[in-house]
Structure formats: C-alpha cells, structure tokens
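# Per-entry structural report
Residues per chain are reported as follows:
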Amino acid sequence: MDTTEIVVGILADGVDAPVSTEVPLVRPNRAVTVALDNDMSDMFLMRPRYELMCWGSSDVDAHGLAISALHALTDAAETHPYLSAVSLDAMARDEWGKDGQARYVMTVDCVFNIE
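These remarks concern the structure in this document.

What counts, and where the lines are drawn
Residues numbered from 1 in each chain as written. Predicted model: local features only at pLDDT ≥ 70, side-chain atom pairs only at ≥ 80, totals over all residues. Heavy atoms only, no water. Helix = DSSP H or I, 4+ residues; strand = E, 2+ residues; numbered from the N terminus. Polar contact = N/O pair within 3.5 Å; in protein donor to acceptor, adjacent residues only side chain to side chain. Contact = heavy atoms within 4.5 Å. Expected span 1.5 Å × (residues − 1). Buried < 20%, exposed > 50% of the residue type's maximum accessible area, 1.4 Å probe, protein only. Salt bridge = Lys/Arg side-chain N within 4 Å of Asp/Glu carboxyl O.

### A word on the side chain of Asp109
The topology assignment puts Asp109 in strand β6 (residues 103-113). A polar atom in the side chain of Asp109 sits 2.6 Å from the side chain of Arg49. Every residue in contact with Asp109, bar those within four places of it in the chain, is listed here: Pro48, Arg49, Ala85, Val86, Ser87 and Asp89.

### As for helix α1 (residues 3-14)
Along an α-helix, residues three or four apart share an orientation, since each turn contains 3.6 residues. For α1, spanning 12 residues, the distance from its first C-alpha to its last is 16 Å, which sits close to the expected 16 Å at 1.5 Å a residue. Within α1, the full set of buried residues consists of Thr3, Thr4, Ile6, Val7, Val8, Ile10 and Leu11. By the N-cap criterion, in which a side-chain oxygen at the helix start approaches the backbone nitrogen of a residue two or three places on, α1 is capped by Asp2, the distance to Thr4 being 3.1 Å.

### A few points about the pattern of salt bridges
Within this structure, the stated rule accounts for six salt bridges. Measuring nitrogen to oxygen at the nearest pair gives 3.0 Å for the salt bridge that ties Arg30 to Asp61. Linking Arg30 in the loop between β1 (19-20) and β2 (31-39) with Asp61 in helix α2 (residues 59-76), this pair joins segments that are 31 residues apart in sequence. Arg47 is the salt-bridge partner of Asp42, the closest N and O atoms lying 2.7 Å from each other. On the basis of relative accessibility, which here comes to 35%, the residue Asp42 falls in the partly exposed class. On the basis of relative accessible area, Arg47 is assigned to the partly exposed category, the value being 30%.

These values are about where atoms sit, not about what they do.
As structure tokens, this is what we get:
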C-alpha cells in the first residue's frame, strides 16, 4: 500500500489547489506538496508522518489552504477504508522561501490499517 499516494489523492480531492510530491518548476499561486518525513510502522499499522507545504497568494491564503488540507485528511479518516486517524504535530508559517511567496508548513501523523 502506497500511503503517500493515498494522502495525495485525498488532498487532491479535498483542496482547491494542485497537490504533488514535487514542487512544480512553474509553481501556481496555490499549491500543496506532500513529503514522507518519517515512518513508524509495525506489523499491524502503518504510521507515516508527512510534511505538507502549502503555498498561497498571501499569508492568509496559505494558512487557509493548510487548514483546508488538514480538514480534508481528518474528514477522510472517518470514511477511508485504510486511513483511520490523522493528528496535527505542528503547523507554522515558513519564512525561508527563496521566492518570498507565502507558505505554511505542517507535519501530520497518520495511521493506516494494513491490508
């Protein structure tokens, strides 16, 4: 089971912005990237931690996109056949962008039931 593919799919359906595992060469005003940060799986559950980077046209827009992404994941945990839990580890404004575009970064812990 590719948990990253599942997370990208949930976000692509749940937010009004392109979602990818890679930063596009020409980034749109709004975008979300998904990166596996850590994986604490065992023989019963997959427990990946993801870093989500949310770009927006303004600080308020980027923050709103991050909140929307979090809601999309937590809502999916109630109905998805494999994703059973999502929790926010941290969210912060990311001021290190080279291009000065507003963005927020967050880490989320997910729990997937193994097939």
